Each structure stands twice: as structure tokens, then as C-alpha cells.
Amino acid sequence: MTQYAVIGPGAVGTVIAHEISKVAAVKLFGRREQQVVLNSGSNDYKINVSSLLLNSDTFDVIFVAVKVTKLASILPALQAMSHDNTVIILCQNGMGQLDMLHEFNAVQAVVYISGQKTDDYVRHFQDKKLILPVNQELQRISQRLDATKLELVVSPDYEAALWFKLLVNLGINTVTALTKNTAHVLELPEVMQLTEQLLQEGLRIARAEGLDFTAQTVQDIIAIYRTYAGDMGTSMYYDTLAGVLLEYDYIQGELQRLARKHQLTTPLLDVCCTLLTGYQYKR
Ligand code: NDP
């Protein structure tokens, strides 16, 4: 029987572990042994968390759902809990961090699971979908989890999905983090205009990387932003409120690196990156 593990008992990891537990054995790992409560719909579920440091088991499929800023710190534990055929599914926003897992059989999922963890309480808002690259083993894992509400979509359009999500994050995460405001901030025409211009720069980077995106892509993203509840915060917004490190280096930072590779001029992105670097400085 397939042995599943999930690392990171937060908004994303807890939902994944809870769904898998309906059909298979799964262990949810965090920094310490504890219990978290998952609120989904009108139900509360108590979920046991095991200590990653104390683990001595190996697993066939490991979902990694810590923030990018914590990825390096779990690598020794990940090594110890993997065998030669272990598949690692990195469930994170951003791009470029998969390089840190080059010694593993790892793929990155495009994550559509929306939630928020406060202390030991996880609220799941919507969606339970992970988009994955085409690969027979991933297809098999997806089939095995078919009876759960966790959708593992193995998609030939994976690359476009990863980029689309990156651009969605570029706009909304940047403006909510830098203004320390929720999606309400997009009601200001000047902020919406700035967001759109930032997306235009992201679009040019994506196109330079070979993505078949058009001006319509930016409009599609703006249309998504318009569906957001005004009080919705992004993870980067919550991270600035908490005063912790941001996933900036693998969202805005990665886009800036790619812009430089293609010698693209991205003045707005550069200003945002400078301000976000300033936020991170000596933190
Ligand atoms: P959370 O902060 O809610 O959860 C991360 C969890 O990782 C926390 O429970 C944290 O534990 C745990 N963790 C940190 N360090 C370690 C460690 N060394 N060992 C074990 N566990 C550790 O993050 P999210 O679930 O929100 O985000 C995960 C990824 O998914 C991010 O890349 C995010 O951008 C992405 N994402 C999030 C979405 C969302 O709606 N939340 C939507 C789409 C993508 P502790 O609480 O003890 O610090």
C-alpha cells in the first residue's frame, strides 16, 4: 500500500492530509507533535501532527507544503524519509525553487487550495486542486486518490498553469504586501492601474520565456481579481503583518532574474523588488 506523508500542517498541507486520510494511511508532519483543527464548510476536524524531526519512517509519496522560506530547512528530513522511488510533490507558489530538490524525484504542483492558518486553526476557504505535469507515476497517484475531493490534475498545460498562477501572484501579492492592505486596495483606480502595469511587465517576461500569453491574459487575471472579496488577504499580505520573511525571492525575485536574463526593462517590477528587498533586510 502506498505510504503518504505531508510536510507542513498549514492551510495547504492540512487540507491535503485530511483528504488523503479518507482513502489511505497518511502522516502529517510539522515542527512538533501537536493537533491542529481544520475548519472546512461547517465542520471542524481534529488532525494529528507528528514531529518531522522525530520521524524514522520512509514514504512513497510526500507532499511538501511548507513556505518556500522554510524549504531549505526541511531538506535533511526529506532525504531521510525518502527512498529511491519516492515521489515528492512540492505544493508551493512561486517558480525556481524546485532546483533545491534536484537530488529528489520531485515535481512542483500549481496549488489551488485556498485557506489560512491562525495559530493551530486552519480555515479552508475554497478549492482542493493541484495541477501537475504529465507523468505516468503522477497519473497513477492521481487515480489512487480519485475517491477523495483532492483533485490531482495531470495537465499538458501545466507550464502555462504554473506561469498563470505566478502572474496572478505577482499582481495581487505585490500590492497587498506593499500597501499592507487586503484586496480592497484594488478599489483604488491608481492601484489597479499600477497592478495592471506590473502584470504587463510580467506578461513580457512570460512571453520571452516562450509562453503563449497575450494581452487577454492580463485581462483574465484582472477579471479574477475583481471576483475577490474585499477583505481577502494574500499570504504575502499576512506574512508582512506577521513580520516574517516573504516568498518574494521565488515570485517577484524570480521574475526579475528572468527579466534580466532576457534583457527586458521592467521598471515597476524593479521598484517593487527593491521595496520587498528592503522589507526583508535584516529581518
Ligand atoms: P502555512 O504557513 O499555513 O503552512 C506552512 C506550515 O509549514 C506551517 O504549519 C508551519 O508550521 C510548517 N513548517 C514550517 N517550518 C517547518 C519545518 N521545518 N518542518 C515542518 N513544518 C514546518 O502556509 P500555506 O499552507 O499557506 O502555504 C504553503 C505553500 O502553498 C506556500 O508556498 C504558499 O504560497 C502556497 N499557497 C498557499 C495558499 C493559501 O491559500 N494558503 C494558496 C495557494 C498556494 P508552524 O505553523 O509551526 O510554523
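Residues numbered from 1 in each chain as written. Predicted model: local features only at pLDDT ≥ 70, side-chain atom pairs only at ≥ 80, totals over all residues. Heavy atoms only, no water.

- An unreviewed UniProt entry lists the protein chain under the name 2-dehydropantoate 2-reductase, with Macrococcus equipercicus given as the organism.
- We quote the UniProt Pathway (unreviewed entry) comment for the protein chain here in full: "Cofactor biosynthesis; (R)-pantothenate biosynthesis; (R)-pantoate from 3-methyl-2-oxobutanoate: step 2/2." (UniProt positions renumbered as here; feature names shortened; annotations may be inferred.)

**Side note on the site of the ligand**
For step 1, the next point in the chain: Taken together, 24 residues form the shell around the ligand, and within it Val12, Arg31, Gly115, Lys117 and Glu247 come nearest.
For step 2, the next point in the chain: Separating an oxygen atom of the ligand from a backbone N or O atom of valine 12 is a distance of 2.9 Å.
For step 3, the next point in the chain: Interatomic distance of 2.6 Å between a side-chain N/O atom of glutamate 247 and an oxygen atom of the ligand.
For step 4, the next point in the chain: Relative to its unbound accessible area of 890 Å², the ligand is 84% covered by the protein chains.
For step 5, the next point in the chain: If you list the elements that add at least two residues to the shell around the ligand, you get helix H1 (11-20), helix H2 (71-80) and strand S7 (106-118). (Near = heavy atom within 4 Å. Polar contact = N/O pair within 3.5 Å; in protein donor to acceptor, adjacent residues only side chain to side chain. Areas by Shrake-Rupley, 256 points an atom, 1.4 Å probe, with all protein chains shown as cover. Helix = DSSP H or I, 4+ residues; strand = E, 2+ residues; numbered from the N terminus.)

**Focus: empty space enclosed by the protein**
For step 1, the next point in the chain: Enumeration over the complete set of coordinates arrives at 1 cavity of 30 Å³ or more.
For step 2, the next point in the chain: The wall of the largest cavity is formed by Gln92, Asn93, Gly94, Gln108, Ala109, Val110, Val111, Leu162, Lys165 and Leu166.
For step 3, the next point in the chain: Per element, the largest residue contribution to the lining of the largest cavity is 4 residues, and it comes from S7.
For step 4, the next point in the chain: Across the lining of the largest cavity, the residue classes break down as 5 nonpolar, 4 polar and 1 charged.
For step 5, the next point in the chain: Both domains that furnish three or more residues to the lining of the largest cavity are identified here as domain 1 (4-156) and domain 2 (159-280). (1 Å grid on protein atoms, 1.4 Å probe; cavity = no way out; pocket = protein on both sides within 12 Å on 5 of 7 lines; lining within 4 Å. Points joined across faces, edges and corners; volume = space filled by probe spheres on them. Nonpolar A, V, L, I, M, F, W, Y, C, P; charged D, E, K, R; others polar. Domains from an automatic or database assignment.)

**A closer look at the UniProt feature "domain: Ketopantoate reductase N-terminal" (unreviewed entry) in the protein chain**
For step 1, the next point in the chain: In the numbering used here, UniProt assigns the feature "domain: Ketopantoate reductase N-terminal" (unreviewed entry) to residues 4-128.
For step 2, the next point in the chain: Secondary structure across residues 4-128 divides into 16% helix and 50% strand, with the first and last C-alpha atoms of the span separated by 17 Å.

**Describing the nonpolar core**
For step 1, the next point in the chain: Among the nonpolar cores identified, the biggest contains 44 residues, and Trp163 and Phe213 are the most heavily contacted of them.
For step 2, the next point in the chain: Taken together, the elements giving at least two residues each to this core come down to helix H4 (158-179), helix H5 (189-208), helix H6 (215-227), helix H8 (252-261) and helix H9 (267-280).
For step 3, the next point in the chain: It is H4 that provides the largest number of residues to this core, a total of 12 residues.
For step 4, the next point in the chain: Of the residues that make up this core, three or more belong to each of domain 1 (4-156) and domain 2 (159-280).
For step 5, the next point in the chain: Leaving out residues up to four positions away in the same chain, phenylalanine 213 has contacts with Ala160, Trp163, Phe164, Leu167, Leu203, Ala206 and Arg207. (Core = buried A, V, L, I, M, F, W, Y, C linked by side-chain atoms within 4.5 Å. Buried < 20%, exposed > 50% of the residue type's maximum accessible area, 1.4 Å probe, protein only. Contact = heavy atoms within 4.5 Å.)

**Some thoughts on the pattern of salt bridges**
For step 1, the next point in the chain: In this structure the tally under the stated criterion is 9 salt bridges.
For step 2, the next point in the chain: The salt bridge partner of arginine 257 is aspartate 249, with a shortest N-O separation of 3.4 Å.
For step 3, the next point in the chain: Looking at arginine 257, the relative accessible area reads 39%, which means it is partly exposed.
For step 4, the next point in the chain: Note that glutamate 254 and arginine 257 form a salt bridge whose closest N and O atoms lie 3.0 Å from each other. Note that glutamate 254 and arginine 257 are positioned in helix H8 at a spacing of 3 residues, about one turn of the helix.
For step 5, the next point in the chain: By relative accessible area, glutamate 254 is classed as buried at 14%. (Salt bridge = Lys/Arg side-chain N within 4 Å of Asp/Glu carboxyl O.)

**With respect to the side chain of lysine 165**
For step 1, the next point in the chain: In this structure, lysine 165 sits in helix H4.
For step 2, the next point in the chain: Buried lysine 165, no salt bridge; nearest opposite-charge side chain is aspartate 127, N-O distance 8.3 Å.
For step 3, the next point in the chain: Within the structure, the side chain of lysine 165 is placed 2.9 Å from the side chain of asparagine 93, a separation counted as a polar contact. (Lys, Arg positive; Asp, Glu negative; His and termini not counted.)

**Overview of the UniProt feature "domain: Ketopantoate reductase C-terminal" (unreviewed entry) in the protein chain**
For step 1, the next point in the chain: Taking the UniProt record as the reference, the feature "domain: Ketopantoate reductase C-terminal" (unreviewed entry) is found at residues 158-280.
For step 2, the next point in the chain: Between the end C-alpha atoms of residues 158-280 there is a gap of 31 Å, over a span that is 71% helix and 0% strand.

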